[in-house]
Amino acid sequence: MSEYVIWFQKLGMQDVDRVGGKNASLGEMISQLAKAGVSVPGGFATTAQAFRDFLEQSGLKQRIADRLQGLDIDDVRTLAETGKQIRQWIVETPFPEALNDAIKTAFVEMAGDNANMAVAVRSSATAEDLPDASFAGQQETFLNIRGLDNVMVAIKEVFASLYNDRAIAYRVHKGFEHAEVALSAGVQRMVRSETGAAGVMFSMDTESGFDGVVFVTSSYGLGETVVQGAVNPDEFYVHKATLEKQRPAVLRRNLGSKMIKMVYGSEASAGKSVETVEVTEADRDRFSINDDEVQSLARQALIIEKHYGRPMDIEWAKDGDDGQLYIVQARPETVKSNESTAMMERYLLKEKGAVLVEGRSIGQRIGAGPVRVIDNIDQMEQVQPGDVLVTDMTDPDWEPVMKRAAAIVTNRGGRTCHAAIIARELGIPAVVGCGDATERLSSGVEVTVSCAEGDTGMVYEGLLAFDINTNKLDAMPELPFKIMMNVGNPDRAFDFQSYPNAGVGLARLEFIINRMIGVHPKALMDYAELPRDVQQAVKRRIAGYGDPVEFYVEKLVEGIASIASAFYPKRVIVRMSDFKSNEYAHLIGGSLYEPSEENPMLGFRGASRYISDSFRECFELECRALKKVRDEMDLSNVEIMVPFVRTVDEARQVVELLEANGLKRGENGLQLIMMCELPANALLADQFLEYFDGFSIGSNDLTQLTLGLDRDSGLIAHLFDERNDAIKVLLKNAIEACKRAGKYVGICGQGPSDHPDFAQWLMEQGIDSVSLNPDSVLDTWLFLADKLKQQ
């Protein structure tokens, strides 16, 4: 078109120097990926040359250089005054006539017959969106701009935003000369997401770096609320391998509160073109996009990732008018994808305190220090090095002081909000979306912020002790058996999969039921007849799912599939629920259905519960979930384990019940494993193995029942030891029976995690695998390798 303006479809990644990273990427996707199924709204970009000529011809270039000379960016007040002055100069200075004419010609052609066309005016810096530096969010974006005059003003504001406080500071931190960076303004057709939805997605998990999933966030209205962290959005994980097989691939759904949304404002000029309104309760209680839309977005993310050859950070929008999904930005992910995979850093909390607030965890680290509650940006200079910054939400203006913080805590925001992105880049923990952190935490109070315990980040009272362990993973020594892991928490599966392992020897359904569901299955089946207070508690839990029973099944599916996909195609042994009656009673509605037992540990649990008339329907829901994961999602690496089988006849009945519910041993490769945890199991091992494909030894219950110990009793805790000779006799019997039958035998009890010498004894007996708690995998592995060397 001209040296000052160029259409997106004429651009590609070779044009970063001409139009910046963001606009070059838009052009690349339009010109290269449209036929592959990626939808990007069209438009045009002003060039870096236009920006440079504007500054040069107006004399601004020298004035800006003089003003920035010797600026101390750690002096927050002076930084703010300098940035404000430079931005004012730019806004007040007229564009050269040639640039005015070029913009006008392009906009008139783009608008055609629609003079009132709505556009987004976005910034794109020439040093932006590089693989090792992210300038994302530093410059301004203006939405719903209508009319040529308003477009001109918005472009001027975009140019000025190159000198926002955070942009000035960031360039200094990253070693960029101010004059080397130029700005391009992108003028793009608006996607009508104000009546639809919008959000951000990453083609990897932003916390663990696991690249087997696409992580999608979504909220109603224009996407700025998600990017800024003004809302807690809905979150979804999609498994890439399952998606590529065209199977149902949504692994996990988290319903966000979505309290507000951004919509078109009453005017179409910069600063007044959008406004924020409340979201209705009905809309808050449902997901802002459905599974088909989540998977459609993930497919576009995969196409983009494969084209660029690296993990990507992508903004998207759903047009409420045409119902279509559009990509509006794509840039390289710059934090997790640049971390070394040969080194593992683990933060381990050594003690616990009172939980003051909790939210979404960012960073998998732990930080501690005095709280500094900041209500607005004018108070930023109060943040001292080592403080825990607590605020409602952050935006790019906060970046100059965020690096001082030991941790960050916000009321609002999800895992793709500004605070989360910057915390990852700075390497500090953040807990976002807490709701009321600024009310619950007071300045000066010492706290520990832990993001090393899963999806939920905790702010504990006091300065708690924690360890930081670093291990090299590049060359783990060979062992004569397999080391697997016990993984209860689906939140941590993407993280744990990066540890050296041969799969999951124990995934407990009760962890999923307790953490992700929290309701007794019978209460969900009897929802309509529940007492009003219990019904209200259940209603809050099932928001987003509608049908109570489907909620139970789908949450089980999500938990199982999250673990199965993280370790795919390695085997993942999932144990059916093994709650005792007192544990079931603690779930919402549980006290209405559970018996009162003197010793629940020896009561209504395991196989006896499954085949009983009173619980069989609940067990069948577990079967439905496992069948969906294995057969519909094709995660056939899942194997099923049955706990606490007291008699051989119970073994027969459970296997028949599984088959009646579509889980037939041998079908679609299904293996059934039995927990060997009662003396009867080891003594009659040959008979039990007729119904199962192997044993997984539960050393805790085996020890308890062999030695007559209550493992929960502190009075006799000193006698509890899995290495007792009587236990070893039973273990030897079970291992030899499996060997004779040519069947699998492993152990998933606590013993090998606590006692490496016990793991060594099991190795010497020829056991196939030892399943350890993740925090003991590396130490036990290296201990055993060292013992082998000494032999």
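Cut-offs applied
- Residues numbered from 1 in each chain as written.
- Predicted model: local features only at pLDDT ≥ 70, side-chain atom pairs only at ≥ 80, totals over all residues.
- Heavy atoms only, no water.
- Disulfide = S-S within 2.5 Å.
- Helix = DSSP H or I, 4+ residues; strand = E, 2+ residues; numbered from the N terminus.
- Expected span 1.5 Å × (residues − 1).
- Buried < 20%, exposed > 50% of the residue type's maximum accessible area, 1.4 Å probe, protein only.
- Arc of directions from axis to C-beta.
- Contact = heavy atoms within 4.5 Å.
- Axes fitted to C-alpha atoms, helices over the stretch in contact; angles between N-to-C directions.
- Parallel < 35°, antiparallel > 145°, perpendicular 65-115°, else oblique.
- Left-handed = near helix turned anticlockwise from the far one by under 90°.
- Nonpolar A, V, L, I, M, F, W, Y, C, P; charged D, E, K, R; others polar.
- Pairing = 2+ DSSP bridges.
- pLDDT = per-residue confidence, 0-100.

### Let's talk about the state of the cysteines
Applying the stated criterion to the full structure yields 0 disulfides. The closest cysteine sulfur to the non-disulfide-bonded Cys 434 is located on Cys 451, 9.2 Å from its own sulfur. Looking at Cys 676, it has no disulfide partner, and the nearest cysteine sulfur is the one in Cys 738, 7.4 Å off.

### Considering helix α5 (residues 97–111)
For α5, built from 15 residues, the straight-helix expectation of 21 Å at 1.5 Å per residue is met to within 8% by its first-to-last C-alpha distance of 21 Å. Every buried residue of α5 is listed here: Leu 99, Ala 102, Ile 103, Ala 106, Phe 107, Met 110 and Ala 111. In an axial view of α5, the angular spread of the buried residues amounts to 150°, which keeps them on one side of the axis. Exposed positions of α5 whose direction lies more than 90 degrees from the buried face are Glu 97, Thr 105 and Glu 109. Summarising the contacts, the buried residues of α5 are in contact with β1 (5–7), β2 (43–46), α2 (48–58), β3 (118–125), α6 (148–160) and β5 (183–189). Phi turns positive, to about 60°, at Gly 112, one or two residues after α5.

### Thoughts on the packing of α5 against α6
Packing of α5 against α6 leaves a shortest axis separation of 11 Å and a crossing angle of 125°. Relative to α6, the element α5 lies oblique. Of the two elements, α5 crosses α6, and the hand of that crossing is right-handed. Residues Leu 99, Asn 100, Ile 103, Lys 104 and Phe 107 of α5 pack against Leu 148, Val 151, Met 152, Ile 155 and Phe 159 of α6. Residues of the contact of α5 with α6, tallied by class, amount to 8 nonpolar, 1 polar and 1 charged.

### A few points about helix α30 (residues 777–790)
Its 14 residues give α30 an end-to-end C-alpha distance of 20 Å, which sits within 8% of 20 Å, the value for a rise of 1.5 Å per residue. Listed as buried for α30 are Val 777, Leu 778, Thr 780, Trp 781, Leu 784 and Ala 785.

### Overview of the sheet that holds strand β4 (residues 141–146)
Here 5 strands make up an open sheet; going across it, the order is β1-β2-β5-β3-β4 and the pairing antiparallel. Each edge of the open sheet carries a strand with a single partner, namely β1 and β4. Ignoring which end each strand starts from, the neighbouring axes of this sheet average 25° apart. Most of the contacts of helix α1 (residues 16–32) go to β3, to which it runs at about 130°, and overall it touches β1, β2, β3 and β5. Relative to β5, α6 is tilted by about 140°, and along the sheet it contacts β2, β3, β4 and β5.

### What to know about the confidence of the model for the protein chain
For the protein chain, mean pLDDT is 91; residues scoring 70 or higher make up 96% of the total. In the model, residues 129–133 has pLDDT below 50 throughout and makes 16 contacts with residues more than four positions away in sequence or in other chains.

### Observations concerning the sheet that holds strand β15 (residues 355–362)
Read around the closed barrel, the 7 strands follow the order β15-β19-β18-β17-β16-β20-β21; overall the barrel is mixed. Taken over all neighbouring pairs, the strand axes of this sheet differ in orientation by 35° on average, direction set aside. Note: strand β18 (residues 407–410) against strand β19 (residues 430–432), 2 bridges, orientation parallel. Bridge pairing in β19 places Ile 408 opposite Ala 430.

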